[in-house]
Amino acid sequence: MTDRFKRAAALGAATVALTSGALFGAVGTASAAPSHHPGRDHGRHCSIGRGYWTQTWIPGRYEHRHWRPGHVQRVWHPGHRDCRR
């Protein structure tokens, strides 16, 4: 009985030590990071193009022994950044 108690106590202490070490290690790494990162487009004139929707025709097809008719589907085109010096 005493051996089981000692083994459980040692296992609990090891678990606490590993957990606290991982926690403080992550905090130390995060605090060591610089607070400001200059962007790659420093000194450039950038404009951000807006995204837009288009309607695209999806042709009909034969699928799972049934004919699926064609239909119109909306497709989103995301915006992009256009930079020049």
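Residues numbered from 1 in each chain as written. Predicted model: local features only at pLDDT ≥ 70, side-chain atom pairs only at ≥ 80, totals over all residues. Heavy atoms only, no water.

> Teacher, can you tell me more about the pairing of strand β6 (residues 80–84) here?
One face of the sheet, then the other: side chains in a regular strand alternate in exactly this way. Among the five residues in β6, zero count as buried, and that is only a small part of the element. With five bridges joining them, strand β1 (residues 45–49) and β6 adopt antiparallel strand pairing. Within β6, the residue paired with S47 across the bridge is D82. (Buried < 20%, exposed > 50% of the residue type's maximum accessible area, 1.4 Å probe, protein only. Helix = DSSP H or I, 4+ residues; strand = E, 2+ residues; numbered from the N terminus. Pairing = 2+ DSSP bridges.)

> For this particular structure, what's the right way to read the packing of aromatic side chains?
Both the distance between ring centres and the angle between the ring planes are used here to describe each pair of aromatic rings. Enumeration according to the criterion identifies one aromatic pair in this entry. A cation over an aromatic ring shows up here: R74 above the ring of W53, its NZ or CZ 4.4 Å from the ring centre. (Phe/Tyr/Trp six-rings, centres within 6.5 Å; stacked < 30°, edge-to-face > 60°. Lys NZ or Arg CZ within 6 Å of the ring centre and 35° of its normal.)

> What is the right way to read the state of the cysteines from this model?
Two cysteines, two sulfur atoms, one covalent bond between them: this is a disulfide. Going through the model one piece at a time under the given rule, you end up with one disulfide. Each disulfide pairs two cysteine sulfurs, and for C46 the partner residue is C83, the sulfurs being separated by 2.2 Å. Looking down the S-S bond of the C46 and C83 bridge, the torsion is 110°, so its handedness is right-handed. One end of the pair, C46, is in strand β1; the other, C83, is in strand β6, and 37 residues separate them in sequence. The class for C83 is partly exposed, based on a relative accessible area of 24%. (Disulfide = S-S within 2.5 Å.)

> Is there a simple way to explain unusual backbone geometry in this structure?
A negative phi angle is the norm for most residues apart from glycine, just as the trans form is the norm for most peptide bonds. Positive phi, close to 55°, is recorded for H64, a residue that is not glycine. In this fold, H64 is placed in the loop between β3 (61–63) and β4 (66–68). Accessibility expressed as a relative area gives 61% for H64, which makes it exposed. Positioned with a positive phi, R65 is a non-glycine residue whose angle comes to about 65°. Topologically, R65 is positioned in the loop between β3 and β4.

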